[in-house]
Structures are given as structure tokens and as C-alpha cells.
Amino acid sequence: MKALHPPDMTVVIITPDTYGTIRRTIDHIRAQTVKDSLELVIVAVSPVDLEVDSRELDGLNSFQIVSLPDVNSYGEAMARGVRAASAPLVVFAEDHVFPDPGWAEALIDSHQNGRAAVGPVMYNANPADTIGWADLLIGYSEWLYPHPGGEMSHLPGHNSSYRRDILLEYGPELDRLLEAETVLHWDLRAKGHKLYLEPRARLYHLCLGFLGTFLTVHFYMGRMFAATRSQNWPGIKRAAFTLGSPLIPFVRFFGIVRNYSGNKELLRAKTLAYPALALGLMVSAIGEMAGYALGIGDSVEKTFQYHFHRDSHVRK
């Protein structure tokens, strides 16, 4: 597709197999108010050629397909999309997130204030699911609606936008940091960059609905986060955090409750989800303990398979 003018933002989305896996999310991207300013980069990690009907992408500024056969690292796939992008801003999308029509425009506008990264306010795409609420609260409680926005210490992982030039400064380290974006965000803040949550950018997230999958994912996500965070730590610090890991569920649980204690509707939904939330936090903490003590192990490969086909892991 030939663009009439350079894009303002590149949307990077990954598929493990076919275009059909990401079609629903791309339909929402095509509905954006500034779709003619958006480049779409599809990272195909399957060895099978990806067939895309260009007519389904009409209205976008441009699109390209990056072939990355047999990759089982989500961070590497995301980083390849960043390197292939041609816009000054890049935002990540997933097959189970659905942005409101003003999402991209709000992100682009917010970056004009010199911000290195901008995140959306998160909404629940399957709010009737109790385990889904627990999943959303563990992953996104700090950025859930209603939220006034403002500067943050970190932003929603896999769903935020960045200045591309800043990401490229990380070189080959970007692959690792995009596996656990909180670590990337902390580093950006330490370097003096601003991170901002934009309340006009709204994103609906489809959450895990089955207990077994929910616990498996949060164990491996916890291990991957801890291992990424502590990769360059001295042994004594890793040991200290390993021993302190049993405290993590309590700290996180009360933090989540405190975040939304003023929202009666959300508080009622959270109350129903408390048992699953508590169990998920405990399993996640066990994963973090493993990450601090034993390293990343196979957590990258294990989590990779759960990034896709989220509709098979939710209740109807």
C-alpha cells in the first residue's frame, strides 16, 4: 500500500498463524478517527506465508508484513515490529484488545507534550466473568477506568505507545525489556523520560476466564518479570528478594483494593473476584520467587502461547 503522506504512528500487532487471528482488532484500528495517519505492521511468527487481502486495510496510511518464522518470544517479535516501523511513534496492539475510535488520536496528541510513552485507560471486555476481573485487576489495576490520567511510574504493558527513537536506543536489549515492560518503564523514568496515562485513549481488554489458564499464565508472567528485573543484580540482592517474595501477594492485594475503594460498582465486582484474585497473586508470587532464585527458565516460551487466541480462554 502506497502512502500519500508519512504516518504519524505505527501500530504493531503479532499473529502466530493467520490474518484471521488479528482481524477483529484490526477492524477496530480501521475505525480510528485518524486511520489515514496510521501505519500497520503485522509481525507474522508462523513459517506459513500470511495472506492478507489489502482491501481489508483500506483507509490506513500504509501497512507492511514482517516475517519472523519460528519465533517463540513475544518481546523479540515486538522489537522487530519497532525496528520495521516508519512512523516516529509506535503503539502495540494484541488480538484480544479493542480500542475506541478516538484511541489513536488521543495517544498521538498526548505525545506532543514531550512524553516518551503514553498509555490508555483500560476497560474490561468481558465484565461478567469473575475470573476475568481477577485477571484484569492483577494485570491492569493501576490504569482501570475511571482514571483521571497523569504522569505514571509505569504503564499498561503490550498496549502503550512510545517514541520510536527512544526505544531504538536500547539496541538488542529491547527484545528482553519488551517481555516485561514494567522494567523498561522504570528505566525510562530513571533516565528522566515522562510516562503519561491518557484518559481519552480507551482500550477494552479481553481477560482470561478459566482458572487453570489464569493461574498458569500468572505463574510464568511472575517468573519472567522477576528474572528480567533482576538479571544484573548481585547474588545477595536476588537472595533478599527471593526470601521476601511471600510478602508480595499481601502488598499487591491491598494496593489493588486501595486503587478502587472509591468506585462502588467496581468494588462490588472485585469483591466477587477476591478468592481468584488472592489465589492468582499467590501463584504469581511463587513465579517471582522462582525468577529471582532460578532465573527466567522457560517462562518466555510458556507465556508466548497464551498471548494469542484469547477467545478460547474465556467463557462465552
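See above for the structure.
Residues numbered from 1 in each chain as written. Predicted model: local features only at pLDDT ≥ 70, side-chain atom pairs only at ≥ 80, totals over all residues. Heavy atoms only, no water.

Visitor: Summarise the overall build of the protein chain; cite the residues concerned and give the values.
Guide: Counting its secondary structure elements, the protein chain contains 12 helices and 9 strands. Taken against the 2.2 N^0.38 rule, which gives 20 Å for 316 residues, the C-alpha radius of gyration of the protein chain at 19 Å falls within 12% of a compact globule. For the protein chain, the C-alpha atoms occupy an extent of roughly 55 × 45 × 40 Å along the three principal directions. Here the protein chain, with 316 residues, has 57% of them falling under the buried criterion. Across the protein chain, contacts joining residues at least 24 apart in sequence account for 79% of those joining residues at least 6 apart. (Helix = DSSP H or I, 4+ residues; strand = E, 2+ residues; numbered from the N terminus. Rg over C-alpha atoms; globule rule 2.2 N^0.38 Å. Buried < 20%, exposed > 50% of the residue type's maximum accessible area, 1.4 Å probe, protein only. Contact = heavy atoms within 4.5 Å.)

Visitor: An account of the packing of aromatic side chains is requested, with residue identities and associated values reported.
Guide: According to the stated counting rule, one finds 13 aromatic pairs in the structure shown. Geometrically, the ring pair formed by Trp-233 and Tyr-292 is stacked, given 5.8 Å between the ring centres and 10° between the ring planes. Of this pair, Trp-233 sits in the loop between helix H8 (211-229) and helix H9 (235-244) while Tyr-292 sits in helix H11 (residues 264-294), and the two are 59 residues apart along the sequence. Assessed through its relative accessible area of 2%, Tyr-292 is described here as buried. Of the aromatic side chains, those joined through ring pairs into one cluster are Tyr-74, Phe-304 and Phe-308. Cation over ring: Arg-115 sits above Tyr-196, and NZ or CZ is 3.5 Å from the ring centre. Against the face of Trp-233 rests Lys-237, its NZ or CZ located 4.3 Å from the ring centre. (Phe/Tyr/Trp six-rings, centres within 6.5 Å; stacked < 30°, edge-to-face > 60°. Lys NZ or Arg CZ within 6 Å of the ring centre and 35° of its normal.)

Visitor: I'd love a proper account of the packing of helix H7 (residues 181-190) against H8, names of residues and values included.
Guide: Helix-helix packing is described using two parameters, namely the angle between the two axes and the distance between the axes. Relative orientation of the contacting elements H7 and H8 amounts to 35°, with a least axis distance of 9 Å. Where H7 approaches H8, its residues Thr-182, Val-183 and Trp-186 are matched on the opposing element by Phe-225, Thr-228 and Arg-229. Of the residues in the contact of H7 with H8, the class split is 3 nonpolar, 2 polar and 1 charged. (Axes fitted to C-alpha atoms, helices over the stretch in contact; angles between N-to-C directions. Nonpolar A, V, L, I, M, F, W, Y, C, P; charged D, E, K, R; others polar.)

Visitor: Describe in detail the pattern of salt bridges, supporting the description with residues and values.
Guide: Considering all chains together, one arrives at 10 salt bridges under this definition. Salt-bridge contacts for Arg-23 lead to Glu-56; the nearest nitrogen and oxygen are separated by 3.0 Å. Remark: Glu-56 occurs in the loop between strand E2 (38-44) and strand E3 (62-67) and Arg-23 occurs in helix H1 (residues 23-30); sequence separation between them is 33 residues. For Arg-23, a relative accessible area of 33% corresponds to the partly exposed category. Given a relative accessible area of 22%, Glu-56 falls into the partly exposed group. The partner of Glu-198 in a salt bridge is Arg-200, with the nearest N and O atoms 3.0 Å apart. Given a relative accessible area of 44%, Arg-200 falls into the partly exposed group. In the salt-bridge network here, residues are joined through shared partners; they are Asp-109, Glu-198 and Arg-200. (Salt bridge = Lys/Arg side-chain N within 4 Å of Asp/Glu carboxyl O.)

Visitor: Mind laying out the environment of Asp-165, listing which residues take part and the relevant values?
Guide: Positionally, Asp-165 belongs in helix H5 (residues 164-168). Asp-165 gets classed as partly exposed once you look at its relative accessible area, which sits at 39%.

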